[in-house]
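These are the residues of each chain, in order.
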Number of protein chains: 4
Amino acid sequence: ENARQLQAQRDTLTKKLQETETRNKDLELQLAELEQRLEKSQTEQEAFRKNLKTLLEILDGKIFELTELRDNLAKLIECS
Amino acid sequence: ENARQLQAQRDTLTKKLQETETRNKDLELQLAELEQRLEKSQTEQEAFRKNLKTLLEILDGKIFELTELRDNLAKLIECS
Amino acid sequence: ENARQLQAQRDTLTKKLQETETRNKDLELQLAELEQRLEKSQTEQEAFRKNLKTLLEILDGKIFELTELRDNLAKLIECS
Amino acid sequence: ENARQLQAQRDTLTKKLQETETRNKDLELQLAELEQRLEKSQTEQEAFRKNLKTLLEILDGKIFELTELRDNLAKLIECS
């Protein structure tokens, strides 16, 4: 009778362990997937930031060139 | 003798189940944390994008105003 | 005979003086006209120069505003 | 007596003619000088206008380049 009880406990535990391990594998998969998404998102953000920095440098150049133009116009008005 | 064997199996299974459940909780915590980070990152990106759109609209305005200035300069030169 | 000669001289002188005075009036008219044209031209140039100065000030403002935009973009990129 | 009168008239006319001719030469000089100033002023104005046209073309280029920058920023925001 005691052996039958123990066998029932063992079977229940085995089943529960299998369920928990299945859940575990699922969680690990979700985690890996999320880590990949986060990494991809960070890579994209970094590329985006780099592109923005390039645009910022171009804008710097344009402002510099407009300032040169402004100075030339000022000189022209002064000398006229 | 059979009962002792079953008891040993039950203990082993119980221990393994506890370990697996601990690992499970840890994974769930990691997953929740990562989801929060991803969500925060998306919120930040959205705010960033919104700020960039505002800057784009300001840039549009500046280009429009420079074009008006250009047209006024052209008219002035034509009429001089 | 001397009197006739003197009369002839007087008539010639009178005619020449009239011609010279006519030429004089014509020159004075031309001079007045030219002075008016020069004055008008200077007035127009001054107005032109004033309009250009106004455009220069507007350009200064636009460059300042573009620089503010540039700084805001730089801050946004730094904080992202 | 008549001859003396005529002689006096001739002398007066001669003197007046000389004065008028002197005034004439002075006016012609002033006129030539003013014409030269007007011509110089027109040449300068033409050079000034040409320089302004060059600045206008440079401004056109800068506005075009800022518009390209604006479009690239817009694309970048759309694709992020």
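A brief report on the enclosed structure follows. (Residues numbered from 1 in each chain as written. Chains lettered and ligands numbered in written order. Predicted model: local features only at pLDDT ≥ 70, side-chain atom pairs only at ≥ 80, totals over all residues. Heavy atoms only, no water.)

1. As for the relation of the copies chain A and chain B
One copy of the chain maps onto the other through a rotation about an axis plus a displacement along that axis.
Piece 1. Placing chain A over chain B gives an RMSD of 0.2 Å and needs a rotation angle of 177°, together with 0.1 Å of translation along the axis. Taken together, the rotation and translation describe the operation of a two-fold axis. (Least-squares fit on C-alpha atoms with pLDDT ≥ 70 in both.)

2. A closer look at the relation of the copies chain B and chain C
Piece 1. For the pair chain B and chain C, the relating rotation is 179°, the translation along its axis is 0.4 Å, and the fit reaches an RMSD of 0.3 Å.
Piece 2. The residues that chain B uses at the interface reappear at the interface of chain C in 100% of cases, marking a shared surface. (Contact = heavy atoms within 4.5 Å.)

3. Overview of the packing of helix α1 (residues 2–79) of chain B against helix α1 (residues 2–79) of chain D
Piece 1. At their nearest, the axes of α1 of chain B and α1 of chain D sit 10 Å apart, and the two run at 160° to each other. Regarding the angle of α1 of chain B to α1 of chain D, the classification is roughly antiparallel. Regarding α1 of chain B and α1 of chain D, the two cross each other, and that crossing is left-handed.
Piece 2. Its residues assigned to classes, the contact of α1 of chain B with α1 of chain D shows 17 nonpolar, two polar and ten charged. (Axes fitted to C-alpha atoms, helices over the stretch in contact; angles between N-to-C directions. Helix = DSSP H or I, 4+ residues; strand = E, 2+ residues; numbered from the N terminus. Parallel < 35°, antiparallel > 145°, perpendicular 65-115°, else oblique. Left-handed = near helix turned anticlockwise from the far one by under 90°. Nonpolar A, V, L, I, M, F, W, Y, C, P; charged D, E, K, R; others polar.)

4. Observations regarding the interface of chain A and chain B
Piece 1. Taken residue by residue, the interface counts 27 residues in chain A and 27 residues in chain B.
Piece 2. Buried area between chain A and chain B, summed over both chains or domains, comes out near 2800 Å², and the portion from carbon and sulfur atoms is 72%.
Piece 3. Put simply, chain A and chain B have two salt bridges between them.
Piece 4. The salt bridge involving R23 of chain B is made with E28 of chain A; its shortest N-O contact spans 2.6 Å.
Piece 5. Inspection of the chain A/chain B interface yields six residue pairs in polar contact (both at pLDDT 80 or more).
Piece 6. Here the side of chain A that touches chain B is composed, by residue class, of eleven nonpolar, nine polar and seven charged. (Buried area = accessible area lost by both parts, 1.4 Å probe. Salt bridge = Lys/Arg side-chain N within 4 Å of Asp/Glu carboxyl O. Polar contact = N/O pair within 3.5 Å; in protein donor to acceptor, adjacent residues only side chain to side chain.)

5. A closer look at the pattern of salt bridges
All names here are of chain B.
Piece 1. According to the stated counting rule, one finds 36 salt bridges over all chains in the structure shown.
Piece 2. In this structure, R49 and E46 form a salt bridge, with 3.3 Å as the shortest nitrogen-oxygen distance. With R49 and E46 both in helix α1 and three residues apart, this pair spans about one turn of that helix.
Piece 3. The buried category is assigned to R49, whose relative accessible area is 18%.
Piece 4. Of the residues examined, E46 reaches a relative accessible area of 45% and is grouped as partly exposed.
Piece 5. The closest approach of N and O atoms between R70 and D71, which form a salt bridge, is 3.1 Å. (Buried < 20%, exposed > 50% of the residue type's maximum accessible area, 1.4 Å probe, protein only.)

6. Remarks on the side chain of K62 of chain B
Piece 1. By the secondary structure assignment, K62 of chain B is in helix α1.
Piece 2. On the basis of relative accessible area, K62 of chain B is assigned to the buried category, the value being 12%.
Piece 3. A distance of 2.7 Å separates the side chain of K62 of chain B from the side chain of E65 of chain C, its partner in a polar contact.
Piece 4. Non-local contacts of K62 of chain B, meaning those with residues more than four positions away in its chain, are made with K62, E65 and L66 of chain C.

7. Here we look at the interface of chain B and chain C
The accessible area lost on association of the parts is a frequent measure of interface size.
Piece 1. Between chain B and chain C, the residue contacts involve 15 residues of the former and 15 residues of the latter.
Piece 2. Of the roughly 1400 Å² buried where chain B meets chain C, counting both sides, 89% is carbon and sulfur surface.
Piece 3. E65 of chain C is paired through a salt bridge with K62 of chain B; the nearest N and O atoms lie 2.7 Å apart.
Piece 4. At the junction of chain B with chain C, the criterion picks out two residue pairs in polar contact (both at pLDDT 80 or more).

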